[in-house]
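As a plain string of letters, each chain reads:
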Protein chains: 2
Amino acid sequence: MDLRIVLVEPLYQGNVGSVTRAMKNFGYSDLVLVNPCKLEGEARAMSSHARDLLESAKRVSTLDEAIEDCSIIIGTTGIAGSRFDLHLRVPGYSPKEMKERLSGCSGKVAVLFGREDNGFTREELKKCDMIMSIPTSDIYPVMNLSHAVAVVLYEFSDIKNAQAPLADPGDMRLLYQHLTELLDDINYPEHKKEKTNLMLRRIFGRSCLLSREVYTLHGILRKIKRNSVNDADDDSDDGSYYEK
Amino acid sequence: MDLRIVLVEPLYQGNVGSVTRAMKNFGYSDLVLVNPCKLEGEARAMSSHARDLLESAKRVSTLDEAIEDCSIIIGTTGIAGSRFDLHLRVPGYSPKEMKERLSGCSGKVAVLFGREDNGFTREELKKCDMIMSIPTSDIYPVMNLSHAVAVVLYEFSDIKNAQAPLADPGDMRLLYQHLTELLDDINYPEHKKEKTNLMLRRIFGRSCLLSREVYTLHGILRKIKRNSVNDADDDSDDGSYYEK
């Protein structure tokens, strides 16, 4: 399992430094920062002996750039995240449950942490396949960013790697595109399309699809398309390589 | 399980503040500070909404005061702690293993965290019944103090409470005193006494003795004493109430 930590617009440089230290403590090094705050002396001080990681962290300006090569996108939010209705299961899986879901898979997984004050935007949450929440006290559920990273990495650090390769991110995007086309083909009610699309994405997202499973799904979708009375492009070539 | 966090001579007030936040996040409130650094603005800032806990934390000048009413004393150290030869099992139990040892018991347990730079002294480690080490990367095993607290409390937060009461701290002290007397009574080689004493303490310490088990041990020790040919105080009364 290649684990990437993505901090979305972190506000406090001390937290970013602390995150790099926690990552190095647990043997992780793939860090991507989306529009981070300035990282200067305080960030370096808090990173302690993980300054190399702070300096090598990739900086990007959009979340899409941070996750485009990842097979599974996990958003980490506190209880507060439960106000969102995006067909995401909130409060979400605990780190322990998430570890069990990921056990046995190989591939690149992004774990996203939101802004210290406002977490994720609605659009950012839409990009997540699954939501993870650290079980905390109802009285004060909002954890410090670096504490949350430390707890997640502690839990994930003994994850069992295996040979089953997670689906390629490009194949997953194609799958979602084909599902969207399917809804078009079957004349699915226009006003329900967006929500249903998102629900389908959630279902397949949290099932941690393997490569061969995505190929099979593509095959099924193609056969549906061929049998659809409304489809004029029956013999188009797109996606046919998935039938092998 | 009543869990107490004890910080031994913490050096950085920001860490103390962060520790209170992590404690409140996981629903813990019993914090004792042994000779802490000054706790001012930075500690309050890092405690965030746990300032009440920062203010109510008990401050003492010796470790003994911090742990005198605790049945089990757990020292948390990094890999670096393995240089000590005090019959302690180092690198020690992982938080997960420690949770399993404590599951099913009720009573007061102290989890000690040492100084940010030098950890525990030899004398402080002697007072620990067990050592706990968070599994970390060999490359950079030294965690930030508040990260270590957060990880331990995360792991312990779903511990199963039960009815089996841990032995009273006073009874444990009496047990260790009686074991020392036993070594005297049987003319144990003088030069080995201290080390063997410590080893006995470790064995009984890590077995998380219950009240009734300590009573039985006291009974056994008394019978040994009575049968000892070297013992002139055969009919002394001390400890006899344990035979009930």
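Above: the structure in question.
This is a predicted model, so every value here is computed, not measured.

Draft legend 1. The arrangement of the sheet that holds strand S2 (residues 30–34) of chain B in detail. Residues and elements named next belong to chain B. Taken together, the 6 strands give an open sheet; going across it, the order is S3-S2-S1-S6-S4-S7, and neighbouring strands pair in parallel fashion. Each edge of the sheet is formed by a strand with only one pairing partner; in this case those strands are strand S3 (58–60) and strand S7 (130–132). The sheet shows a mean angle of 25° between the axes of neighbouring strands, taken without regard to direction. One ladder, built from 3 bridges, connects strand S4 (residues 72–76) with S7; its direction is parallel. The residue of S7 that forms the bridge with Ile-74 is Met-130. Against the sheet, helix H5 (residues 95–102) contacts S4, strand S6 (108–113) and S7, and its axis sits at roughly 140° relative to S7.

Draft legend 2. Just the side chain of Gln-13 of chain B, in detail. Residue and element names in this part refer to chain B. In this fold, Gln-13 is placed in helix H1 (residues 13–25). A distance of 3.1 Å separates the side chain of Gln-13 from the backbone nitrogen of Ala-43, its partner in a polar contact. Contact partners of Gln-13, with chain neighbours within four places excluded, come to Cys-37, Lys-38, Leu-39, Glu-40, Gly-41, Glu-42 and Ala-43.

Draft legend 3. Structural view of the nonpolar core. By size, the foremost hydrophobic cluster in this structure holds 92 residues, and its most contacted members are Leu-102 of chain A together with Leu-102 of chain B. When neighbours within four sequence positions are excluded, Leu-102 of chain A is seen to be in contact with Met-1, Ile-72, Ile-74, Val-109, Phe-156, Ile-159 and Cys-208 of chain A.

Draft legend 4. Representation of helix H10 (residues 211–227) of chain A in the model. Residues and elements named next belong to chain A. In a regular helix each residue adds 1.5 Å, so 17 residues correspond to 24 Å; H10 covers 25 Å between its end C-alpha atoms and thus fits that length. For H10, every residue scored as buried is listed here: Ser-211, Val-214, Leu-217, His-218, Gly-219, Leu-221, Arg-222 and Lys-225. Packed against the buried residues of H10 are strand S8 (164–165), helix H8 (169–185) and helix H9 (190–206).

Draft legend 5. Fine view of the pattern of salt bridges. By the definition in use, this model includes 32 salt bridges over all chains. Ionic pairing is found between Asp-69 of chain A and Arg-4 of chain A, a salt bridge with its closest N-O pair at 2.8 Å. Taken together, the positions of Asp-69 of chain A in the loop between helix H4 (63–67) and strand S4 (72–76) and Arg-4 of chain A in strand S1 (residues 2–8) put the pair 65 residues apart, joining distant regions of the chain. Using a relative accessible area of 7% as the deciding quantity, one classes Arg-4 of chain A as buried. Note that Arg-115 of chain A and Glu-124 of chain A form a salt bridge whose closest N and O atoms lie 2.7 Å from each other. Because the salt bridges share partners, they merge into one network encompassing Lys-96, Lys-99, Glu-155 and Asp-158 of chain A together with Lys-96, Lys-99, Glu-155 and Asp-158 of chain B.

Draft legend 6. Molecular detail of the relation of the copies chain B and chain A. Between the two copies, chain B and chain A, the superposition gives an RMSD of 0.0 Å; the rotation angle is 180° and the shift along the axis is 0.0 Å. In symmetry terms, the pair is related by a two-fold rotation axis. A high fraction, 100%, of the interface residues of chain B reappear at the interface in chain A, so the copies pair face to face through one surface.

The rules behind these values
- Residues numbered from 1 in each chain as written.
- Chains lettered and ligands numbered in written order.
- Predicted model: local features only at pLDDT ≥ 70, side-chain atom pairs only at ≥ 80, totals over all residues.
- Heavy atoms only, no water.
- Pairing = 2+ DSSP bridges.
- Helix = DSSP H or I, 4+ residues; strand = E, 2+ residues; numbered from the N terminus.
- Axes fitted to C-alpha atoms, helices over the stretch in contact; angles between N-to-C directions.
- Contact = heavy atoms within 4.5 Å.
- Polar contact = N/O pair within 3.5 Å; in protein donor to acceptor, adjacent residues only side chain to side chain.
- Core = buried A, V, L, I, M, F, W, Y, C linked by side-chain atoms within 4.5 Å.
- Buried < 20%, exposed > 50% of the residue type's maximum accessible area, 1.4 Å probe, protein only.
- Expected span 1.5 Å × (residues − 1).
- Salt bridge = Lys/Arg side-chain N within 4 Å of Asp/Glu carboxyl O.
- Least-squares fit on C-alpha atoms with pLDDT ≥ 70 in both.

On their own, these measurements won't tell you what the molecule is for.
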